[in-house]
Amino acid sequence: MNCCLFLPLLLGLPLLWPCLSATANSSTEEAEHPVASPRRVKRFWVWNQIFVEEEMSTPKHRIGQLKSDKHDGRPSLRYRISGEGAGTIFSVDGRSGLLHVLRKLDREDRASYTLKAHMIDIATGETVEPESEFIIRVTDINDNEPKFLDGPYAAVVPEMSPEGTFVTQVTASDADDPSHYNNGRLVYSLLQGQPYFSIEPTTGVIRTSAKMDRELQDEHWVIVQAKDKIGLSGALSGTTSVLIKLTDVNDHKPVFTKSLYRMSVSELARIGTSIGTIMAEDKDIGDNAEMDYSIEDDSETFDIITDQETQEGIVILKKKVDFENQIYYHIKAKVRNRHVDEELMKYHGAASTTAIKVHVDDEDEPPVFLRPHYTFEVLEGGPQGLYVGLVSAIDPDQRKSPVRYSVSRSKMFRIDDNGTIVTTSPLDREVSPWYNLSITAREMYNVEQISEVPVYIHVLNINDHAPEFSEYYETYICENTGSDQVIQTISAVDRDDSLEDHYFYYSLSMEDKNNSTFTIRNKTGNAAEILTNRTGFSLQEEPVFYISILIADSGIPPLTSTNTLTIHVCDCEGSNSTQACSSKYSMPCVECRAWILSGSLICVVIIFGFIFLIIALKHRRNKNRFPEKGTDYRDNIFRFDEEGGGEEDMEAFAIGELRSRPVMREHRTPKTSSAEIRKLCRLSLQVGPDDATLKEFILEKLEEADTDPYAPPFDSLQTYAFEGTGSLAGSLSSLESADSDQNEIVNCFNDLDLALKD
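The present account deals with the structure reproduced in this document. (Residues numbered from 1 in each chain as written. Predicted model: local features only at pLDDT ≥ 70, side-chain atom pairs only at ≥ 80, totals over all residues. Heavy atoms only, no water.)

### Some words on the sheet that holds strand S31 (residues 420-423)
No. 1: With antiparallel pairing, the three strands of this open sheet are ordered in space as S27-S31-S30. Of all the strands in the sheet, the pair left with one neighbour each is strand S27 (387-390) and strand S30 (413-415). This sheet shows a mean twist of 25° between the axes of neighbouring strands, independent of strand direction.
No. 2: Where S30 and S31 come together, three bridges link them in antiparallel fashion. Pairing of Ile415 across the sheet is with Ile421, part of S31. (Pairing = 2+ DSSP bridges. Helix = DSSP H or I, 4+ residues; strand = E, 2+ residues; numbered from the N terminus. Axes fitted to C-alpha atoms, helices over the stretch in contact; angles between N-to-C directions.)

### A short note on the sheet that holds strand S11 (residues 166-169)
No. 1: Spatially, three strands are ordered S11-S14-S13 in an open sheet, and the strand pairing comes out antiparallel. Across the chains shown, the open sheet's two edge strands, defined by having one partner strand only, are S11 and strand S13 (197-199). On average, each strand axis in the sheet is inclined to that of its neighbour by 25°, with strand direction left out of account.
No. 2: Alignment of S13 against strand S14 (residues 205-208), held across three bridges, turns out to be antiparallel. Across the sheet, Ile199 pairs through a bridge with Ile206, a residue of S14.

### Some details on the side chain of Asn337
No. 1: With respect to the secondary-structure elements, Asn337 resides in strand S23 (residues 328-337).
No. 2: The exposure class assigned to Asn337 is buried, which follows from its relative accessible area of 11%.
No. 3: In this structure the side chain of Asn337 is engaged in a polar contact, spanning 2.8 Å, whose partner is the side chain of Asp282.
No. 4: Polar side-chain contacts of Asn337 include one of 3.1 Å to the backbone oxygen of Asn288.
No. 5: Leave out the neighbours within four places in its chain, and Asn337 touches Asn250, His252, Lys253, Pro254, Asp282, Asn288, Ala289, Glu290, Met291 and His348. (Buried < 20%, exposed > 50% of the residue type's maximum accessible area, 1.4 Å probe, protein only. Polar contact = N/O pair within 3.5 Å; in protein donor to acceptor, adjacent residues only side chain to side chain. Contact = heavy atoms within 4.5 Å.)

### Examining a nonpolar patch on the surface
No. 1: Together, Val604, Ile607, Phe608, Ile611, Phe612 and Ile615 make up an exposed nonpolar region whose accessible area comes to about 590 Å².
No. 2: Its place among the elements puts Ile607 in helix H3 (residues 579-622). (Patch = residues over 30% accessible without salt bridge, like charges linked within 9 Å, V, L, I, M, F, W, Y side chains within 5 Å. Areas by Shrake-Rupley, 256 points an atom, 1.4 Å probe, with all protein chains shown as cover. Salt bridge = Lys/Arg side-chain N within 4 Å of Asp/Glu carboxyl O.)

### A short note on the packing of aromatic side chains
No. 1: Inspection of the entire model under this criterion finds 12 aromatic pairs.
No. 2: When the centroid spacing of 6.0 Å and the interplanar angle of 50° are considered together, the rings of Phe256 and Tyr293 count as tilted. A residue pair is termed long-range when its members are at least 10 positions apart, and Phe256 in strand S17 (residues 255-256) and Tyr293 in strand S20 (residues 291-295) qualify at 37 residues. Both residues of the pair, Phe256 and Tyr293, belong to the buried class.
No. 3: Among the aromatic residues, ring-to-ring pairing joins Phe518, Phe537 and Phe545 into one connected group.
No. 4: We note Lys357 situated over the ring of Tyr328; from NZ or CZ to the ring centre the distance is 4.9 Å. (Phe/Tyr/Trp six-rings, centres within 6.5 Å; stacked < 30°, edge-to-face > 60°. Lys NZ or Arg CZ within 6 Å of the ring centre and 35° of its normal.)

### Here we look at the environment of Ile567
No. 1: Along the polypeptide, Ile567 turns up in strand S41 (residues 560-570).
No. 2: With a relative accessible area of 0%, Ile567 lands in the buried category.
No. 3: For the pair Ile567 and Pro543, spaced 24 residues apart in the sequence, the C-alpha separation amounts to 8.5 Å.
No. 4: Ignoring any residue separated from it by four or fewer positions in sequence, one finds Ile567 in contact with Thr475, Ile477, Ile487, Phe518, Pro543, Val544, Phe545 and Ile547.

### Re the environment of Ile122
No. 1: Position of Ile122 among the secondary structure elements: in the loop between strand S8 (112-121) and strand S9 (126-139).
No. 2: Distance in space between the C-alpha atoms of Ile122 and Pro75 is 9.1 Å, their sequence separation being 47 residues.
No. 3: Among all residues touching Ile122, those that are not within four sequence positions of it are Ser76, Arg78 and Arg80.

### Things to note about unusual backbone geometry
No. 1: Backbone torsion omega between Gly151 and Pro152 reads -5°, so that peptide bond is classified as cis.
No. 2: Relative to the helices and strands, Pro152 is located in the loop between S9 and strand S10 (153-158).
No. 3: The peptide bond linking Gln194 to Pro195 adopts the cis configuration, its omega dihedral lying at 10°.
No. 4: By the element assignment, Pro195 lies in the loop between strand S12 (187-192) and S13.
No. 5: Positive phi values are uncommon outside glycine, yet Lys229 reaches one of about 55°.
No. 6: Mapped onto the elements, Lys229 comes out in the loop between strand S15 (219-227) and strand S16 (237-247).
No. 7: The class for Lys229 is buried, based on a relative accessible area of 18%.
No. 8: The backbone phi angle of Gln311 is positive, close to 60°, even though this residue is not glycine.

### Side note on the pattern of salt bridges
No. 1: Taken as a whole and assessed by the stated rule, the structure comprises 16 salt bridges.
No. 2: Between Arg214 and Asp248 there is a salt bridge, and its shortest N-O distance comes to 3.0 Å. Residue Arg214 is located in the loop between S14 and S15, and its partner Asp248 is located in the loop between S16 and S17; the two are separated by 34 residues in the primary sequence. The two residues Arg214 and Asp248 agree in class, both being buried.
No. 3: Where Arg338 meets Glu290, a salt bridge forms, and the shortest distance between an N and an O atom there is 3.5 Å. Taken together, the residues span a long stretch of sequence, with Arg338 in the loop between S23 and strand S24 (352-361) and Glu290 in the loop between strand S19 (274-281) and S20 at a distance of 48 residues.
No. 4: According to the relative accessible area criterion, Arg338 is partly exposed, its value standing at 28%.

### Details of the environment of Ser112
No. 1: Its location among the elements puts Ser112 in strand S8.
No. 2: Residues Ser112 and Val138, spaced 26 residues apart in sequence, show a C-alpha to C-alpha distance of 5.7 Å.
No. 3: When sequence neighbours within four positions are dropped, the list of residues in contact with Ser112 reads Glu84, Ile135, Ile136 and Arg137.

### Here we look at the nonpolar core
No. 1: By size, the foremost hydrophobic cluster in this structure holds 24 residues, and its most contacted members are Ile278, Phe302 and Ile356.
No. 2: Here this core takes four residues from S23, the largest share from any one element.
No. 3: If we skip the residues at most four places from it in the chain, Ile278 touches Phe256, Tyr261, Met263, Tyr293, Ile304, Glu312, Gly313, Ala333 and Ile356.
No. 4: Membership of the second largest hydrophobic core comes to 22 residues, among which are Ile63, Ile89, Phe90 and Val128. (Core = buried A, V, L, I, M, F, W, Y, C linked by side-chain atoms within 4.5 Å.)

### Re the side chain of Ser432
No. 1: Among the structural elements, Ser432 can be located in the loop between S31 and strand S32 (434-443).
No. 2: Here the side chain of Ser432 touches Trp434 through a polar contact of 2.8 Å, landing on its backbone oxygen.

Shown next as structure tokens:
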């Protein structure tokens with residue numbers, strides 16, 4: 001307790017040491033210089049080290065006193081202060097020099113204040129003592145608790161970690177002064193988290209203190225407390241929380257929850273078909289829970305693959321099964337983790353296993369051929385019904401249904417119910433050396449059950465084709481060609497197939513052998529040379545020679561063909577070269593080809609011309625020749641209950657309104673003038689209705705109709721007649737015409753009618 005009282009004095013000695021040194025120096029200086037000395041004696045301010053405690057609530061609390069040895073008691077001398085907080089935080093009594101603090105101070109805001117002391121004679125306003133700087137220090141009290149600025153915290157640590165494994169570190173801060181009564185010195189402790197975790201008191205490092213299993217508890221909450229004053233009496237504290245999660249390690253192996261799985265598969269199932277799933281459980285998570293399934297007895301019929309998403313084992317068919325051969329299969333599956341570290345192998349002993357029993361379901365299967373494919377050989381040229389081969393299929397089911405066969409994709413073969421394949425017509429290897437058939441087998445008890453098998457038939461060759469020239473030869477010989485000269489090299493081809501190379505033998509026919517004009521000489525490489533056997537030839541006497549050449553092959557039996565070689569004799573124009581001869585003979589052919597080509601083009605043009613002409617005629621026939629085609633011309637015939645004014649009376653009725661389709665015609669001026677009509681009327685009244693007058697009138701009307709573009713079609717009939725005068729019916733029309741000429745014409749016809757009647 002006494003130590004605590006003297007602690008401020010001990011802490012203040014370093015601050016008072018300069019003042020004590022200054023006082024000692026001042027006393028020494030006065031001793032060295034007597035009073036009578038003319039030099040001025042230096043003087044100093046005198047005060048103690050000034051401290052003030054923070055958070056003091058007493059108003060105007062005295063904290064110290066200013067004092068100078070220059071103060072001689074005069075009432076006009078005053079103390080003054082200036083600097084940080086002068087007048088607002090600190091004040092001084094001018095007469096006594098007592099210092100006061102005016103309000104509470106907070107060391108955490110400011111730990112010291114620097115001020116200056118002055119002594120002034122208020123009577124003269126002069127400074128009696130030079131100013132002096134001094135410091136007021138604020139002492140600390142424990143008024144701030146520790147704080148965790150980064151809380152709450154989170155950390156992870158692997159499960160099953162050994163004791164002492166580092167987890168995380170927490171840090172708190174205290175605003176108080178750690179050097180003053182340990183106000184800012186902190187210690188850490190756990191309020192929650194034992195016995196799995198511990199904390200270092202001075203550093204705040206959290207470590208594991210026991211092994212933990214994530215599968216039992218995957219996270220832990222730890223409460224950390226920090227106390228100041230190193231945990232002594234009167235200490236303040238602060239707390240924070242730490243969430244510690246345990247990460248998984250592969251310390252558990254997968255285990256099957258079922259000891260037996262039952263599955264079934266159809267005997268018709270294809271390879272790769274999924275028939276069921278198995279599942280093992282692993283308490284670990286993530287990559288540590290990934291597992292691989294396998295068949296323990298290496299089954300050739302089944303396999304297991306792992307679903308990467310669900311971690312299930314999928315049992316698939318590796319080989320087709322047959323109910324008639326085996327009904328049940330017993331397999332054993334095992335499971336292991338995919339990722340296991342060496343240090344964790346102690347947790348993974350023997351792999352977990354389970355049994356799988358698979359039942360094969362019986363199905364109605366299609367027929368099965370004894371072979372996957374068949375290959376037969378047959379000689380070409382054989383008769384119809386020639387035996388080719390035998391195929392066989394059986395019903396794998398227990399009832400053993402009979403099987404019928406059929407051939408598809410070929411008309412050259414047929415098959416009977418026993419599977420025997422025969423030809424339907426002779427085969428020719430040169431036409432097709434191979435035939436690819438598809439034989440279908442169908443159950444008689446269930447016609448929907450069918451199967452197919454490919455059949456390959458190879459047609460073997462026989463020597464049924466004689467050799468022949470490989471090309472058409474045009475041979476020319478000059479008139480002055482000498483004896484034993486080669487004039488042509490020939491070769492042959494054979495359409496028959498042979499395992500070895502063909503060999504041909506060339507010879508002249510018996511008739512040509514007797515004729516010694518040409519000879520033949522066989523060469524290697526299946527070729528032969530034609531040679532002359534005399535000197536000199538005549539273009540006039542024998543322009544062309546025809547030689548029969550016999551070509552025999554090496555087949556069994558050998559075949560021989562007769563081929564004709566044409567040799568032209570030509571005038572080589574003083575040279576021994578037949579090139580000019582070949583050009584000479586080929587020119588007419590070129591000209592003929594040109595004529596043939598020209599004639600063909602002309603024929604094509606003529607044919608297209610006829611086609612275009614026929615199309616044009618049809619188009620012209622269908623074209624509307626007249627603007628009024630299709631108009632009903634019956635509108636020229638009118639029926640009235642009253643007399644009309646004749647053909648020229650168009651005012652009473654609108655003829656266009658009576659048509660079935662309105663067609664407007666422009667008014668046409670009659671060719672015959674009214675004067676001519678009057679003349680005709682006068683003549684007819686004088687001489688009577690004789691034949692000449694009527695003939696002239698009708699001819700005029702006919703000419704007018706022929707030249708009228710708006711006249712009816714050519715097959716129409718127009719009739720004209722004189723009514724005559726003196727008719728009891730009177731006028732044909734009750735309408736009065738506005739045109740005097742028309743009235744005159746009508747009167748003229750009336751006069752003619754009367755004359756005819758007389």
